[in-house]
Amino acid sequence: MTYYFNFFIESVRHPSKIYKTIKNIFRSGRVQTYIVSYPKTGRTWLRVLLGKTLVLHTGNNEEQVLDTFMLSESTGIPPVLFSHGGLFGLVPSARFDALSFKTNRYKNRRVAFLIRDIRDTLVSSYFEDSKRRKVFSGSISDFVRDPQFGIRKIICFYSLWFENQSVPDAFLLVRYEELKARPHEITRDILSFIGASAVTDDTIKQAVEYASFDNMKKMESKGEFKDVMLKPGADKRGESFKVRRGKIGGFVDYLSEEDIQYIDEQVKKLGNTNCDWYYGTK
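Rules of the game
Residues numbered from 1 in each chain as written. Predicted model: local features only at pLDDT ≥ 70, side-chain atom pairs only at ≥ 80, totals over all residues. Heavy atoms only, no water. Pairing = 2+ DSSP bridges. Helix = DSSP H or I, 4+ residues; strand = E, 2+ residues; numbered from the N terminus. Axes fitted to C-alpha atoms, helices over the stretch in contact; angles between N-to-C directions. Core = buried A, V, L, I, M, F, W, Y, C linked by side-chain atoms within 4.5 Å. Buried < 20%, exposed > 50% of the residue type's maximum accessible area, 1.4 Å probe, protein only. Contact = heavy atoms within 4.5 Å. pLDDT = per-residue confidence, 0-100. Phe/Tyr/Trp six-rings, centres within 6.5 Å; stacked < 30°, edge-to-face > 60°. Salt bridge = Lys/Arg side-chain N within 4 Å of Asp/Glu carboxyl O.

(A) Layout of the sheet that holds strand β4 (residues 170-175). Read from one edge to the other, the open sheet built from 4 strands follows the order β2-β1-β3-β4, with strand pairing classed as parallel. One side of each edge strand has no neighbouring strand; the edge strands of this open sheet are β2 (80-83) and β4. If you compare each strand with its neighbour and ignore which way they point, the axes differ by 20° on average. As paired strands, strand β1 (residues 33-37) and strand β3 (residues 110-115) are joined by 5 bridges and run parallel to one another. Following the sheet pairing, V36 is matched in β3 by F113.

Put into structure tokens, the structure is as follows:
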């Protein structure tokens, strides 16, 4: 109930969220490619990176950088939409064991699936939910073990997708860690997958520079993104920023040895033994 109350208050303060949700519902029937991710896996960065690439390629207005669907149609490629797994995303109030895979939504479509080390994802989720959305008030150790927000939910989400990756007509796995290490190369792979292979290398280079961590954080602090979801939390401190750290392996600065051990135990208990998505690349 706490989540829904906070969501209602947030919606009243920011009606644009309701408008965007309704707009995406109507758009979903035309979507040919979904870019799916669990929250806090680097979706905002990838969205800006692809958006800037398509803005430069098409000559669209800079303010459209976050509207991937519109930009893809302007480019003349099959419509692309970012998603957390459904029309309304992942409902934070749902327990980990309430997740299910929506076969009909992804059948006959293409899916690029963005993953990130679940420990880094969990830490980023904690700051999002405690500092920005303010829907969780416990400690990070409490968050790790919480059935609605914690590590078991991320593990189950990844396992469902690993077991159903053959449902879409085509499936592309995108690792956050590889995107950080080789942004130009991985961006090119994603563009080819969504049908935008005509984009030039120079355009990709400019977009990579634009979407750099330092530049995105600077733009967020100045309010240059015309989107409520890309503004710092109320306290304006670093941990409340949407673009927070982006550090690979940064979870060690926040999680205790007991927390990390618990995560490993849950991967063994709930994870698919054939899946290598839970941890970042070595």
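Past the structure itself, the notes keep going.
(B) Up close: the nonpolar core. Counting residues in hydrophobic clusters, the biggest one holds 41 residues, and the most contacted among them are F113, I118, I151, Y158 and W161. Elements represented by at least two residues in this core include exactly β1, β3, α6 (118-132), α7 (140-145), α8 (151-163) and α13 (257-270). No other element matches α8, which puts 8 residues into this core. Here Y158 is in contact with Y38, T41, F113, L114, I115, R116, I118, T121, W277 and Y278, once residues within four sequence places are set aside.

(C) A look at the confidence of the model for the protein. Looking at the protein as a whole, the pLDDT averages 85, with 79% of positions reaching at least 70. Across residues 238-242, where pLDDT falls below 50, the model places 24 contacts with residues more than four positions away in sequence or in other chains.

(D) Up close: the pairing of β2. Burial along β2 is two-sided: V80 and F82 and L81 and S83, pointing in opposite directions, are all buried. Bridge analysis of β1 against β2 gives 4 bridges, and the strand direction is parallel. Note on β2: the bridge partner recorded for I35 is F82.

(E) Inspection of unusual backbone geometry at higher detail. Even without being a glycine, K40 presents a positive backbone phi close to 70°. Structurally, K40 can be placed in the loop between β1 and α3 (43-58). The phi dihedral of N108 is positive, around 70°, even though this residue is not glycine. Here N108 lies in the loop between α5 (103-106) and β3. By relative accessible area, which is 52% here, N108 ends up exposed.

(F) Representation of the packing of aromatic side chains in the model. Counted by the stated rule, this structure contains 22 aromatic pairs. Seen from their ring centres, Y34 and Y106 are 5.3 Å apart, and the 70° between their planes marks the pair as edge-to-face. Taken as a pair, Y34 in strand β1 and Y106 in helix α5 lie far apart in primary sequence, 72 residues in all. Like Y34, the residue Y106 is buried in the burial classification.

(G) Seen up close, the pattern of salt bridges. Counted according to the given criterion, the structure contains 13 salt bridges. Notably, a salt bridge pairs E62 with K52, separated by 2.8 Å at the nearest N-O pair. One end of the pair, E62, is in the loop between α3 and α4 (68-75); the other, K52, is in helix α3, and 10 residues separate them in sequence. A relative accessible area of 33% places E62 in the partly exposed class. Taking the shortest distance from any N to any O, the salt bridge between R119 and D117 comes out at 2.7 Å. An identical accessibility class is assigned to R119 and D117; each is buried. Here the salt bridges share partners, and the residues they tie into one network are K40, E128 and R132.

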